[in-house]
Amino acid sequence: MEYAGLQLVEKHLTMKDLIEKLTEDFKISDVVYQRPDLAFVTVPKGVAISLVTELRDFEGFSHFVMMSCVDWIEEGKFQLLYLLHNPKTKTDVGVKTFIDRENAEMASAHHLWKQVWTYQRELKEAFGIDFPGSPRVDENFVVEGWTEMPHMRRDFNTKEYSQNTYFPRPGRETNDPAEYMRKKLYPNEPITAKKQDNDK
């Protein structure tokens, strides 16, 4: 901050300057400038919560927007994303980190924002990621009584689960959409080879 006459003027770093300032201390390895007001950075698991804390406490990113997960099954990793917003500069930073899929565990961030525990509880149910110390992390979130593999993991076979769990309703059949609509719209008109050729 600096004084301009009697008015207090606050200087804000550009997004690029902010990222460069934080890169060495937090081992930022990958930066994507999605827009002038939105950037994503990737950091090691061990410093992710420290960077989120730094952004909140010292860089003005006081609003926690969301937390999400991507299953990179080919690499044996989960990618966690913490998206933060700075209301003064109207900018957003996404902090990404990777954790192992096997025995997936991440430090909890619920002490920074109370609502974080809700996201962590959802990720525990959907992906099987544990957040030790996070409130109610082992309680059901959406799917009650679920005993199968976490349902958002990419190796969860949705079709197989549906076939083994539910039963086909009688009277259901599979139709070609074009043929079905033709019958509905023109029930008394025969389908000719010429018409079919013209429809292509």
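Scroll up a little and you will see the structure.
Read on for a plain summary of the structure. (Residues numbered from 1 in each chain as written. Predicted model: local features only at pLDDT ≥ 70, side-chain atom pairs only at ≥ 80, totals over all residues. Heavy atoms only, no water.)

Attention now moves to the pattern of salt bridges. Applying the stated criterion across every chain, the model contains 11 salt bridges. A salt bridge links Arg154 to Glu74, with the nearest nitrogen and oxygen atoms 2.7 Å apart. With Arg154 in the loop between helix 3 (116-127) and helix 4 (158-165) and Glu74 in the loop between strand 5 (63-72) and strand 6 (77-86), the pair connects residues that are 80 residues apart, well separated along the chain. Given the relative accessible area of 46%, Arg154 is considered partly exposed. Look at Glu74 and you get exposed, because its relative accessible area is 56%. A salt bridge links Asp130 to Lys124; its shortest N-O distance comes to 3.5 Å. Of the residues examined, Asp130 reaches a relative accessible area of 24% and is grouped as partly exposed. Sharing partners across several salt bridges, the network here consists of Asp71, Arg101 and Asp155. (Salt bridge = Lys/Arg side-chain N within 4 Å of Asp/Glu carboxyl O. Helix = DSSP H or I, 4+ residues; strand = E, 2+ residues; numbered from the N terminus. Buried < 20%, exposed > 50% of the residue type's maximum accessible area, 1.4 Å probe, protein only.)

Moving on, we come to unusual backbone geometry. Even without being a glycine, Lys27 presents a positive backbone phi close to 55°. Turning to its location among the elements, Lys27 is positioned in the loop between helix 1 (15-26) and strand 3 (30-35). Not every positive phi belongs to a glycine, and Lys90 is a case in point at roughly 55°.

The final tally for this structure, using the stated rule, is seven aromatic pairs. For the ring pair Phe78 and Phe127, a centre distance of 5.7 Å and an interplane angle of 75° mean the geometry is edge-to-face. Here the residue Phe78 occupies a position in strand 6, and Phe127 occupies one in helix 3, the gap between them amounting to 49 residues. The exposure class of Phe127 is buried, given its relative accessible area of 7%. Each ring, one from Trp146 and one from Tyr161, has its centre 5.0 Å from the other, and the planes form 45°; the classification is tilted. Linking Trp146 in the loop between helix 3 and helix 4 with Tyr161 in helix 4, this pair joins segments that are 15 residues apart in sequence. Of the residues examined, Trp146 reaches a relative accessible area of 23% and is grouped as partly exposed. Here the aromatic cluster, defined as three or more aromatic residues joined through ring pairs, consists of Trp146, Phe156, Tyr161 and Tyr166. (Phe/Tyr/Trp six-rings, centres within 6.5 Å; stacked < 30°, edge-to-face > 60°.)

With that out of the way, let us pick up the nonpolar core. Core analysis: the biggest nonpolar cluster contains 38 residues, and Leu55, Leu80, Tyr82, Val95 and Ile129 have the highest contact counts within it. Where this core is concerned, the elements lending two or more residues are helix 1, strand 4 (38-42), helix 2 (45-58), strand 5, strand 6, strand 7 (91-100) and helix 3. If you tally residues by element for this core, the top one is helix 2, at six residues. Setting aside anything within four residues of it in sequence, one finds Val95 in contact with Val41, Val43, Ala48, Leu51, Val52, Leu55, Leu80, Leu81 and Tyr82. (Core = buried A, V, L, I, M, F, W, Y, C linked by side-chain atoms within 4.5 Å. Contact = heavy atoms within 4.5 Å.)

Glancing now at the packing of helix 1 against helix 2. It is the contact of helix 1 with helix 2, at a shortest axis distance of 11 Å, that shows an interaxial angle of 145°. Where helix 1 crosses over helix 2, the handedness of that crossing is right-handed. On the side of helix 1, the interface is formed by Leu18, Leu22 and Phe26, while helix 2 contributes Val47, Ser50, Leu51, Glu54 and Leu55. (Axes fitted to C-alpha atoms, helices over the stretch in contact; angles between N-to-C directions. Left-handed = near helix turned anticlockwise from the far one by under 90°.)

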